[in-house]
Amino acid sequence: KQEVTQIPAALSVPEGENLVLNCSFTDSAIYNLQWFRQDPGKGLTSLLLIQSSQREQTSGRLNASLDKSSGRSTLYIAASQPGDSATYLCAVRTGGSRLTFGEGTQLTVNP
Amino acid sequence: GAGVSQTPSNKVTEKGKYVELRCDPISGHTALYWYRQSLGQGPEFLIYFQGTGAADDSGLPNDRFFAVRPEGSVSTLKIQRTERGDSAVYLCASSFSGGANEQFFGPGTRLTVL
């Protein structure tokens, strides 16, 4: 059974700092990995999707990497801003079409 | 609308009652998914539709939960004899033809069972 772990559970940083969020998964036979952002009381916003054949994806200040063999992904956020404050969720697709999620990292960026 | 929509946004009901939650996927998306998110947890998969049929319903917790998608677009998640433990946010997502395609989520329905 696929299990996804995210570290740290919570992170508080000053504005402008570069930061890394970590995601690990137990079954390396994944089809893809997706990073989401969730604001309090809201749904999920897709940030980046990395297919199993890819090593990384970039969107603006966000960069996600994937090391499938070691079961790890990182989300790098450059020059963090208070508006980046949210919960970040990592999810992998293993078999079928379901996503298996981690519990998320709650990020606070202080002005 | 361009995104996935869900109604109602909030639902409060009493233990033992029946509830229906609705999801409107992005136009043209053939795949539709339901997930459930408890407080402080990541979403957990419930059921996946490809077109009108449930391709994978292995995440439904018990037979009180049922979902339909009769015309391959709108889906309804139905919960019978609700229990307090059913309280959660129910999220719907859609994607273009399932598989490895990106899933786009709606805002969710917050269900509270008193």
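Residues numbered from 1 in each chain as written. Chains lettered and ligands numbered in written order. Predicted model: local features only at pLDDT ≥ 70, side-chain atom pairs only at ≥ 80, totals over all residues. Heavy atoms only, no water.

Participant: I would appreciate a short explanation of the state of the cysteines in the present structure.
Facilitator: Where two cysteines share a covalent bond between their sulfur atoms, that bond is called a disulfide. Residue and element names in this part refer to chain B. Considering all chains together, one arrives at two disulfides over all chains under this definition. For Cys23, the disulfide goes to Cys92, at an S-S distance of 1.9 Å. Taking the torsion about the S-S bond as the criterion, the Cys23 to Cys92 disulfide, at about -65°, is left-handed. Highlighted residues: Cys23 in strand 3 (residues 19-24) and Cys92 in strand 9 (residues 88-95), separated in sequence by 69 residues. A single burial state applies to Cys23 and to Cys92, both of which are buried. (Disulfide = S-S within 2.5 Å. Helix = DSSP H or I, 4+ residues; strand = E, 2+ residues; numbered from the N terminus. Buried < 20%, exposed > 50% of the residue type's maximum accessible area, 1.4 Å probe, protein only.)

Participant: Where do I start with the environment of Tyr35 of chain B in this structure?
Facilitator: Structurally, Tyr35 of chain B is set in strand 4 (residues 31-37). In this structure Tyr35 of chain B comes out as buried when scored by relative accessible area, which is 0%. Distance in space between the C-alpha atoms of Tyr35 of chain B and Tyr90 of chain B is 5.9 Å, their sequence separation being 55 residues. Only 3.1 Å separates the side chain of Tyr35 of chain B from the backbone nitrogen of Leu99 of chain A, close enough to count as a polar contact. (Polar contact = N/O pair within 3.5 Å; in protein donor to acceptor, adjacent residues only side chain to side chain.)

Participant: I'm lost on the sheet that holds strand 7 (residues 65-68) of chain B in this one. Help?
Facilitator: Paired through backbone hydrogen bonds, the strands of a sheet run either parallel or antiparallel to each other. Residues and elements named next belong to chain B. Pairing is antiparallel in the open sheet, where four strands are placed in the order 1-3-8-7. The open sheet has two free edges, formed respectively by strand 1 (5-7) and strand 7, since each of these has just one partner strand. Sheet twist, expressed as the average angle between the axes of neighbouring strands with direction ignored, equals 15°. Examined bridge by bridge, strand 1 and strand 3 share three bridges and lie antiparallel to one another. The residue of strand 3 that forms the bridge with Thr7 is Arg22. (Pairing = 2+ DSSP bridges. Axes fitted to C-alpha atoms, helices over the stretch in contact; angles between N-to-C directions.)

Participant: What is the right way to look at the packing of aromatic side chains in this model?
Facilitator: Aromatic rings in a pair are described by how distant their centres are and how their planes are angled relative to each other. Per the counting criterion, the structure on display carries eight aromatic pairs over all chains. Taking 5.6 Å as the distance between ring centres and 40° as the angle between the ring planes, the aromatic pair formed by Phe36 of chain A and Phe101 of chain A counts as tilted. Here Phe36 of chain A is found in strand 4 (residues 32-38), whereas its partner Phe101 of chain A is found in strand 10 (residues 99-101), with 65 residues between them in sequence. Of the two residues examined, Phe36 of chain A and Phe101 of chain A, each falls in the buried class. Plain terms: the ring middles of Tyr35 of chain B and Phe45 of chain B are 5.9 Å apart, the flat faces sit at 75° to each other, and that makes the pair edge-to-face. In this pair, Tyr35 of chain B sits in strand 4 while Phe45 of chain B sits in strand 5 (residues 44-50), placing the two residues 10 residues apart along the sequence. Each member of the pair, Tyr35 of chain B together with Phe45 of chain B, is buried. Taken together, the ring pairs connect Phe36 and Phe101 of chain A together with Tyr33, Tyr35, Phe45, Tyr48 and Phe105 of chain B into an aromatic cluster. Looking at Arg93 of chain A, its charged tip hangs above the ring of Tyr31 of chain A, at a distance of 4.2 Å from the centre. (Phe/Tyr/Trp six-rings, centres within 6.5 Å; stacked < 30°, edge-to-face > 60°. Lys NZ or Arg CZ within 6 Å of the ring centre and 35° of its normal.)

Participant: Where do I start with the interface of chain B and chain A in this structure?
Facilitator: In this assembly, 22 residues from chain B lie in contact with 19 residues from chain A. When chain B packs against chain A, the two sides together hide about 1,500 Å² of surface, and 49% of this comes from carbon and sulfur. Along the contact surface separating chain B from chain A lie one salt bridge. With its nearest N and O atoms 3.5 Å apart, the salt bridge here joins Arg98 of chain A to Asp56 of chain B. Applying the counting rule to chain B against chain A returns seven residue pairs in polar contact (both at pLDDT 80 or more). The set of elements that each furnish at least two residues to the side of chain B that touches chain A consists of strand 4 and strand 5 of chain B. Looking at the side of chain B that touches chain A, the element that brings in the most residues is strand 4 of chain B, giving three residues. Partitioned by chemical class, the residues of the side of chain B that touches chain A number nine nonpolar, 10 polar and three charged. (Contact = heavy atoms within 4.5 Å. Buried area = accessible area lost by both parts, 1.4 Å probe. Salt bridge = Lys/Arg side-chain N within 4 Å of Asp/Glu carboxyl O. Nonpolar A, V, L, I, M, F, W, Y, C, P; charged D, E, K, R; others polar.)

Participant: What exactly am I supposed to notice about the nonpolar core here?
Facilitator: The nonpolar side chains of a soluble globular protein tend to be buried, and buried together. Ranked by size, the top nonpolar core spans 22 residues in total, and within it Phe25, Leu33, Trp35, Leu75, Ile77, Tyr88 and Leu107 of chain A carry the most contacts. Mapped by element, the contributors of at least two residues to this core are strand 3 (19-25), strand 4, strand 5 (44-51), strand 7 (62-67), strand 8 (72-77), strand 9 (86-93) and strand 11 (105-110) of chain A. Dropping the residues within four chain positions of it, Tyr88 of chain A is found in contact with Gln6, Leu21, Phe36, Arg37, Leu47, Leu75, Ile77, Gly104, Thr105 and Leu107 of chain A. Within the second largest apolar cluster, 20 residues are counted, among which are Cys23, Trp34, Ile47 and Leu111 of chain B. (Core = buried A, V, L, I, M, F, W, Y, C linked by side-chain atoms within 4.5 Å.)

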